[in-house]
Structure formats: C-alpha cells, structure tokens
Amino acid sequence: MPHLAFLVFCVAVCVSRAQPTGYQTGMPFGPVGPKEVAQLETFANAQGTDLMGDLKLAYEKDEAALGRVFAFSLKFTKLDRRAKTYGQLIYSSFLNLGERFGLERYTQIVAAQPKDVRQRIRDFIYFDATLAPANERATVEAAARAGAPTLFPSDYVFGADNPLFRSGKRN
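Residues numbered from 1 in each chain as written. Predicted model: local features only at pLDDT ≥ 70, side-chain atom pairs only at ≥ 80, totals over all residues. Heavy atoms only, no water.

1. A few points about the pattern of salt bridges
Selection rule: Any carboxyl oxygen of Asp or Glu that lies within 4 Å of a side-chain nitrogen of Lys or Arg is treated as forming a salt bridge with it. Numbering of helices and strands starts at the N terminus; helices are DSSP runs of H or I of at least 4 residues and strands are runs of E of at least 2. Per-residue accessibility, obtained with a 1.4 Å probe over protein chains only, is compared with the maximum for each type, and a residue is labelled buried under 20%, exposed over 50%, and partly exposed between these values.
Here the structure, examined in full by the defined rule, presents four salt bridges. For arginine 68, the salt bridge is made with aspartate 54, and the minimal N-O distance between the two is 2.9 Å. With arginine 68 in helix 4 (residues 63–71) and aspartate 54 in helix 3 (residues 51–59), the pair connects residues that are 14 residues apart, well separated along the chain. Residue classification places arginine 68 among the partly exposed residues on the basis of a relative accessible area of 40%. The residue arginine 82 makes a salt bridge to aspartate 80 at a minimum N-O spacing of 3.9 Å.

Written out as structure tokens, the structure is:
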C-alpha cells in the first residue's frame with residue numbers, strides 16, 4: 001500500500017481555511033486516517049478500480065486519472081464511512097489540486113464530467129458549506145459560490161438527484 005501513505009499525507013496537508021465569516025473549513029467529513037483510507041482502497045479494489053493509484057496520478061497533474069477518481073463517486077449508495085472518506089479525499093483534492101492545477105482548471109475538469117458525476121463531486125465539495133452554523137450558512141454558501149462560479153453555477157442545487165445527500169438535506 002505505497003499509495004496509502006501518500007493519501008494520508010495529502011489529507012494531512014489539507015489545512016483548514018477560513019471563510020469571511022470566520023467559519024473554519026477543511027474536514028467536512030470528519031477525520032480520515034490510515035485505517036479509513038485502507039478500507040476505502042479495499043472497497044475500490046473490490047470494484048476493480050485502482051482509486052489510490054489514480055489519485056496519486058491526479059496529484060501529478062493527470063487529468064484523465066482525476067476524471068476516473070471523480071467517476072468512482074457513483075459507486076457509493078449511502079453516505080457511510082467509506083463514502084465520507086472518499087468525500088474528504090475529494091474535498092482535499094479540491095483544495096490541493098485547485099492550487100496545483102489552478103482553481104479554474106480544476107473546476108473545468110469537474111464541469112466536463114457527465115451530469116451525475118458532476119453533481120456528486122460538486123455535492124462532496126459543497127457539503128462543507130452546509131455545515132456552517134445556521135446564522136452564517138447563507139454567507140458561507142454565497143462565498144463558496146462566488147469563489148468558484150464554474151464549479152457552483154447559479155443553477156447548481158446541492159443534493160439535486162443525488163441520493164447520498166438526500167436532495168439537499170445534511171446527513
């Protein structure tokens with residue numbers, strides 16, 4: 001599992017970011033450690049996917065590999081621990097690869113995905129904004145949309161037709 005150490009490192013590098021409200025982001029799906037990553041890797045391998053290998057390639061700027069990582073999102077049928085681990089890896093990739101590729105290029109790669117994959121990836125990334133305290137949520141969500149308009153266009157609706165997020169409800 002050489003990729004396991006790499007993945008844990010990538011998640012660890014994902015530092016909390018502050019929105020204009022002071023709301024701290026960075027771990028919307030909870031802490032992820034080697035055990036959770038290993039369980040996700042086992043699940044992916046059972047599905048015939050080298051998810052960790054593709055994620056490593058994505059961090060080396062392989063856009064096709066990033067697309068395969070995104071496509072794997074459809075393998076989840078409920079927001080369980082494996083899906084949350086995957087969600088944290090996607091959220092971390094948004095922060096880290098957004099800097100490496102450039103935010104606009106990263107969001108263009110998401111936007112180029114098939115509709116169901118695009119919705120699922122957007123939801124995994126946007127999920128963090130839905131966790132903001134109720135009195136700050138509108139501001140945090142507006143900041144997320146303004147900061148990445150290609151990723152969250154005006155017609156984007158969190159959880160739309162995505163059973164993992166039950167039509168916009170937080171799990």
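Following the structure, the description resumes.
2. A look at empty space enclosed by the protein
Condition: In this analysis the probe radius is 1.4 Å and the grid spacing 1 Å, with only protein atoms considered; a cavity is a set of points the probe fits into but cannot get out of, a pocket is an open set with protein on both sides within 12 Å along at least five of seven lines, and lining residues have an atom within 4 Å of a point. Grid points are joined across faces, edges and corners, and a volume is the space filled by probe spheres set on the points. As a working rule, the residues Ala, Val, Leu, Ile, Met, Phe, Trp, Tyr, Cys and Pro are called nonpolar, Asp, Glu, Lys and Arg charged, and the rest polar, with Gly in that last group.
This model, assessed by the stated rule, comprises one cavity of 30 Å³ or more. Considered as a void within the structure, the largest cavity measures approximately 30 Å³ in volume. Every residue along the wall of the largest cavity is listed here: Leu51, Leu55, Val69, Tyr86, Leu89 and Ile90. Put simply, the parts of the chain that give the lining of the largest cavity at least two residues each are helix 3 and helix 5 (81–101). When grouped by side-chain class, the residues that make up the lining of the largest cavity number six nonpolar, no polar and no charged.

3. Let's talk about helix 6 (residues 103–111)
We count it as follows: Arc definition: directions from the helix axis to the C-beta atoms. Contacts are residue-level and defined by heavy atoms, with any inter-residue pair within 4.5 Å sufficient.
When we look at burial in helix 6, the residues that qualify are Tyr106, Thr107, Ile109 and Val110. For helix 6, the angular spread of buried residues about the axis comes to 150 degrees, placing them on one side. Buried residues in helix 6 make contact with helix 4, helix 5 and helix 7 (115–130).

4. Examining the packing of aromatic side chains
Condition: Put simply, two rings from Phe, Tyr or Trp (the six-membered ring, in Trp's case) pair if the centres are within 6.5 Å, and we call them stacked under 30 degrees between planes, edge-to-face over 60, tilted for the rest. Two thresholds decide whether a charge sits over a ring: the Lys NZ or Arg CZ must be within 6 Å of the ring centre and within 35 degrees of the ring normal.
Counted according to the given criterion, the structure contains 18 aromatic pairs. Centre to centre, the rings of phenylalanine 127 and phenylalanine 158 are 6.4 Å apart; their planes meet at 35 degrees, and the pair counts as tilted. Of this pair, phenylalanine 127 sits in helix 7 while phenylalanine 158 sits in the segment after helix 8 (134–147); the two residues are 31 residues apart in sequence, bridging distant segments of the chain. As far as burial versus exposure is concerned, phenylalanine 127 and phenylalanine 158 are alike and both buried. A centroid spacing of 5.5 Å and a plane angle of 45 degrees characterise the contact between phenylalanine 127 and phenylalanine 165, whose relative ring orientation is tilted. Taken together, the residues span a long stretch of sequence, with phenylalanine 127 in helix 7 and phenylalanine 165 in the segment after helix 8 at a distance of 38 residues. The pair formed by phenylalanine 127 and phenylalanine 165 is uniform in burial state, with each residue classed as buried. Through pairs of rings, three or more aromatic residues link up here, namely Phe29, Phe43, Phe72, Phe76, Tyr86, Phe124, Tyr126, Phe127, Phe152, Tyr156, Phe158 and Phe165. Over the aromatic face of phenylalanine 43 sits the side chain of arginine 82, whose NZ or CZ is 4.0 Å from the ring centroid.

5. Focus: the side chain of threonine 107
The residue threonine 107 is located in helix 6 in this model. Those residues within four positions of threonine 107 in sequence are excluded, and the remaining contacts are Ala148, Thr150 and Leu151.

6. Some words on the packing of helix 5 against helix 6
The test is simple: The axes are straight lines fitted to the C-alpha atoms, using for helices just the contacting stretch, and the angles between their N-to-C directions are given from 0 to 180°. Orientation categories follow fixed angle ranges, with anything under 35 degrees roughly parallel, anything over 145 roughly antiparallel, 65 to 115 roughly perpendicular, and all other angles oblique.
The N-to-C vectors of helix 5 and helix 6 enclose an angle of 130 degrees; their axes lie 6 Å apart at closest approach. The angle between helix 5 and helix 6 places the two elements in the oblique class. For the pair helix 5 and helix 6, contact is made by Ile90, Ser93, Phe94, Leu97, Gly98 and Phe101 and by Leu103, Arg105, Tyr106 and Ile109, respectively. A breakdown of the residues in the contact of helix 5 with helix 6 according to their chemical character gives seven nonpolar, two polar and one charged.

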